[in-house]
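Structure assessment
Listed below, chain by chain, are the residues.
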Amino acid sequence: MSCRCSDIRDCERDLHVLQRALRDNGQLGQRIRTLAASGHAGEEQDERAYPVEESLRARMRQKTEEFSARALEAQQRYQRYLENCIWAVEDDLAAMQEEDDAYHEDDDD
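Along each chain, the written sequence defines residue order, and numbers are assigned to residues from 1. Only residues with pLDDT of at least 70 get local features here, since the model is predicted, and only at 80 or more are side-chain atom pairs given and counted; chain-wide, interface and lining totals rely on the full set of residues. The side-chain quantities take in all heavy atoms of the structure and omit both hydrogens and water.

Per the secondary structure count, the chain includes 2 helices and 0 strands. Burial here depends on accessible area, computed with a 1.4 Å probe over protein chains only, as a share of the maximum for the residue type. Under 20% is buried, over 50% is exposed, and the range in between is partly exposed. Considering the chain as a whole, with its 109 residues, one finds that 18% of them fall into the buried category. Contacts are residue-level and defined by heavy atoms, with any inter-residue pair within 4.5 Å sufficient. In the chain, the share of contacts with a sequence separation of at least 24, taken over all contacts with a separation of at least 6, comes to 88%. Accessible surface computed for the chain: about 8,100 Å², of which carbon and sulfur atoms make up 51%. Put simply, DSSP H or I for four residues or longer makes a helix, DSSP E for two residues or longer makes a strand, and each gets a number counted from the N terminus. Using a 1.4 Å probe, accessible areas were evaluated by the Shrake-Rupley method; residue-level cover was limited to the displayed protein chains.

Bringing the pattern of salt bridges into the picture now. When a carboxyl oxygen of Asp or Glu lies within 4 Å of a side-chain nitrogen of Lys or Arg, that pair is called a salt bridge. Inspection of the entire model under this criterion finds 5 salt bridges. In this structure, arginine 4 engages glutamate 99 in a salt bridge whose closest nitrogen and oxygen atoms are separated by 3.0 Å. Within this pair, whereas arginine 4 is found in the segment before helix H1 (5-49), its partner glutamate 99 is found in helix H2 (residues 54-108), the two being separated by 95 residues in sequence. On the accessibility criterion, glutamate 99 (27% relative accessible area) is partly exposed. Residue arginine 13 is joined to aspartate 10 by a salt bridge in which the shortest nitrogen-to-oxygen separation is 3.2 Å. A residue pair is termed a helical-turn pair when its members lie 3 or 4 positions apart in one helix, as arginine 13 and aspartate 10 do in helix H1 at 3 residues. On the accessibility criterion, arginine 13 (49% relative accessible area) is partly exposed. Assessed through its relative accessible area of 34%, aspartate 10 is described here as partly exposed. Where salt bridges share partners, they join Arg4, Asp7 and Glu99 into one cluster.

Moving on to the packing of aromatic side chains. Here a Phe, Tyr or Trp ring, Trp counted by its six-membered ring, pairs with any other such ring whose centre lies within 6.5 Å, and the pair is stacked when the planes are under 30 degrees apart, edge-to-face when over 60, and tilted otherwise. In total, this model carries 1 aromatic pair according to the counting rule given. Ring geometry for tyrosine 78 and tyrosine 81: centres 6.1 Å apart, planes at 20°, overall stacked. One end of the pair, tyrosine 78, and the other, tyrosine 81, are both in helix H2, 3 residues apart, so they sit about a helical turn from each other.

We now examine the nonpolar core. What is meant by a nonpolar core is a set of buried Ala, Val, Leu, Ile, Met, Phe, Trp, Tyr and Cys residues, joined one to another through side-chain atoms within 4.5 Å. Within the largest apolar cluster, 10 residues are counted, these being Ile8, Cys11, Leu15, Leu18, Leu82, Cys85, Ile86, Val89, Leu93 and Met96. Elements supplying a minimum of two residues to this core: H1 and H2. Excluding anything up to four places from it in sequence, methionine 96 contacts Arg4, Asp7, Ile8 and Cys11.

Turning next to a nonpolar patch on the surface. Nonpolar side chains collect at one region of the surface, where Tyr50, Val52, Leu56 and Met60 lie side by side and expose about 370 Å² of accessible area between them. Structurally, tyrosine 50 is set in the loop between H1 and H2. What makes a patch is a set of residues exposed beyond 30% relative accessible area and free of salt bridges, joined within 9 Å when like-charged and within 5 Å when nonpolar (Val, Leu, Ile, Met, Phe, Trp, Tyr).

Once that is clear, we can look at the side chain of glutamine 79. In this structure, glutamine 79 sits in helix H2. A polar side-chain atom of glutamine 79 sits 2.6 Å from a polar atom in the side chain of asparagine 25. Contacts described as polar in this section are N or O atom pairs within 3.5 Å, which, within protein, must combine one atom able to donate a hydrogen with one able to accept it, while residues neighboring in sequence count only if both atoms come from side chains.

Printed below as a string of structure tokens:
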């Protein structure tokens, strides 16, 4: 058994970075949803400004919706990945802290 203080500091720093990435990724998901919603609102203006065949407009709408869905799906997969990483790091951190506490208690004896 050895002192894990530096490992704990490194792990806490990694945990902080992962938590920040998780927050940023959540904000990205919100932006994707906002853009997808604003895209639907802009369709009405586009229809008046750019008259094109309805089948072309429907294909464009479908492509946009598919792209938005893929982007949101990728963001959600990354969100789950980050959450799993955070849980693993938290488990590692708890184990290191227990080991370090035991080491320092033995030092005191």
